[in-house]
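Secondary and tertiary structure notes
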Amino acid sequence: MQEATPKGWWRRLIERLGLDRSGGTLEDAGPLRVLAAGETDVGRERQRNEDAFLCLPERGLFIVADGLGGEAAGKEASRLGVETLQGILTQASLEAATAINGGLENLLRQAIEAGNQAILDVARANVGWERMGTTVVIAVVRDGVVHLSHVGDSRAYLVRAGKAVSLTRDHSTVMALVDAGYLTPKQARTHPLRNELSQCLGVDERLKPSYAALRLNPGDRIVLCTDGLWDMVTDEKLAQLVLRYADPDDAVRALIAAANEAGGYDNITVIVIKAEAEEPEESHARSQESEAITDPHFLVGEVPNSRGPRDWTERLRRPQEEKREEQEIKV
Ligand code: CA
């Protein structure tokens, strides 16, 4: 089924949040810095973790991927997807693309297409891996603007003014049915086809990644996550937990714990990105900031490469689990 993003939905979201599809004409709200943390958890039901993520605050690059295909294929698909994207979305290519109007949208699309091709090539070369694929949601933060692109049902939420709103529209059968008015969002959560994607990386040569850009305000959080989080935790709970903690690391831990407490039926992967004003006005805020600086890998742009690629590859880790038949997710 083709993606059916309703124009009205986008228009309303653009009006509510100041989204701009061009990514190049957004008004600057002042210097921001970004703190971020990410983690993945196998959950309580699955034997393996097929999710992957990349959290590179110094590059302003954040990726979450949810592998599909069973056996080792799903795990390989999400790993390969993230690795391919990481190789293309380098500091240099991101900087060059930022200088061109619409450049980041093009670069993100090219990166997703390359990830798609890499997975298709592996799937064709390995018997039994024909069904491998992965979702992907990417956030690139440049000059106070977050650029989002995604394929599949991993999501990017904006948490602002006490509320969480999904900035991504799932590429899924049930979302198309919701958009067409056949299902309510509540019915979609328990529908038998709720896990069926209308597109993902590694299945078809043709892809239609979605793209949006949003000017960040101080205090905004962007949450990237797989369905192992959003299927288990309501938007209200997500906002509440994210806002409870100043440190994104604590927020990530709390969100994963909440998904596990709700059952943990699937792998859970979360990245929390927090935008802060560059120069806090109050002295207590300043002391919090200096605390954050002692942990350089949570700070963008100010600590040159103190954590190299090798360290970050380790963050892609997923437990080496024994093979087991996938269990049907019970909601
Ligand atoms: Ca999942």
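Residues numbered from 1 in each chain as written. Predicted model: local features only at pLDDT ≥ 70, side-chain atom pairs only at ≥ 80, totals over all residues. Heavy atoms only, no water.

Here we take up the confidence of the model for the protein. A residue-level look at the protein finds 75% of positions with pLDDT of 70 or above and a mean pLDDT of 81. In the predicted structure, residues 20-26 sits below a pLDDT of 50 and forms 17 contacts with residues beyond four places in sequence or in another chain. Here residues 283-331 is a poorly scored stretch, pLDDT under 50, and it has 98 contacts once near neighbours within four places are set aside; other chains count. (pLDDT = per-residue confidence, 0-100. Contact = heavy atoms within 4.5 Å.)

In this section: the side chain of Thr84. Along the chain, the position of Thr84 falls in helix H2 (residues 73-88). Apart from the residues within four sequence positions on either side, Thr84 is in contact with Ala114, Gly115 and Ala118. (Helix = DSSP H or I, 4+ residues; strand = E, 2+ residues; numbered from the N terminus.)

This next bit is on the coordination of the calcium ion. Coordination of the calcium ion by the protein comes from Asp66 (OD), Asp66 (OD), Asp227 (OD) and Asp266 (OD), over a distance range of 2.2 to 3.2 Å. Here the donor residues for the calcium ion map to a single chain with the spacing D-x160-D-x38-D. Of this pair, Asp227 sits in helix H7 (residues 227-230) while Asp266 sits in the loop between helix H9 (248-261) and strand E11 (268-277), and the two are 39 residues apart along the sequence. Comparing Asp227 with Asp266, the two get one shared label, buried. (Donors = N, O, S within 2.8 Å, 3.2 Å for Na, K, Ca; no water. Buried < 20%, exposed > 50% of the residue type's maximum accessible area, 1.4 Å probe, protein only.)

In a beta sheet, neighbouring strands pair by backbone hydrogen bonds and run either parallel or antiparallel. Taking strand neighbours across the sheet as the criterion, the five strands line up as E1-E11-E10-E7-E8 in an open arrangement whose pairing is antiparallel. Where the open sheet ends on each side, the last strands, each with one partner, are strand E1 (32-41) and strand E8 (163-166). Averaged over all pairs of adjacent strands, the angle between strand axes in this sheet comes to 20°, irrespective of strand direction. In this structure, strand E7 (residues 155-160) lies alongside E8, joined through four bridges in antiparallel fashion. Its bridge partner lying in E8, Leu158 is registered against Val165. Here helix H8 (residues 235-244) sits on the sheet and contacts E7, E8 and strand E10 (221-225); the angle it forms with E7, its principal contact strand, is near 60°. (Pairing = 2+ DSSP bridges. Axes fitted to C-alpha atoms, helices over the stretch in contact; angles between N-to-C directions.)

So, on to the packing of helix H3 (residues 91-98) against helix H4 (residues 103-125). Think of two packed helices as two axes; the pair is described by the angle between the axes and how far apart they sit. Here H3 crosses H4 at 140°, and the two axes come no closer than 7 Å. Overall, the two elements H3 and H4 adopt an arrangement that is oblique. The chirality of how H3 crosses H4 is right-handed. Between H3, through Ser93, Leu94, Ala97 and Thr98, and H4, the contact on the second element is made entirely by Gly103, Leu104 and Leu107. Of the residues belonging to the contact of H3 with H4, the class tally is four nonpolar, three polar and no charged. (Parallel < 35°, antiparallel > 145°, perpendicular 65-115°, else oblique. Left-handed = near helix turned anticlockwise from the far one by under 90°. Nonpolar A, V, L, I, M, F, W, Y, C, P; charged D, E, K, R; others polar.)

So, on to the environment of Phe62. The topology assignment puts Phe62 in strand E3 (residues 61-68). Look at Phe62 and you get buried, because its relative accessible area is 0%. Taking C-alpha positions, Phe62 is 9.3 Å from Gln86, a pair spaced 24 residues apart along the chain.

Turning our attention to the nonpolar core. Leu61, Ile63, Leu85, Leu89, Ile112, Val136 and Ile138 are the most contacted members of the largest nonpolar core, which totals 32 residues. Mapped onto this core, the elements with two or more residues apiece are strand E2 (51-56), E3, H2, H3, H4, strand E5 (136-142), strand E6 (145-151) and strand E9 (210-215). Here the element with the most residues in this core is H4; it accounts for eight residues. Grouped together as the second largest cluster of nonpolar side chains are 24 residues, Val223, Leu238, Val252 and Leu255 included. (Core = buried A, V, L, I, M, F, W, Y, C linked by side-chain atoms within 4.5 Å.)

Tracing the chain through its elements places Ser149 in strand E6. Of the polar contacts made by the side chain of Ser149, one reaches the backbone oxygen of Ser210; its length is 2.8 Å. (Polar contact = N/O pair within 3.5 Å; in protein donor to acceptor, adjacent residues only side chain to side chain.)

Time to look at the pairing of E11. Most of E11 is tucked away, with nine of its ten residues classed as buried. Judged from the ten bridges that link them, E1 and E11 form a sheet pairing that is antiparallel. In the sheet register, Arg33 faces E11, and the bridge partner there is Glu276. Summarising the sheet, E10 and E11 pair through five bridges and their orientation is antiparallel. Each bridged residue has a counterpart across the sheet, and for Ile222 the counterpart in E11 is Ile273.

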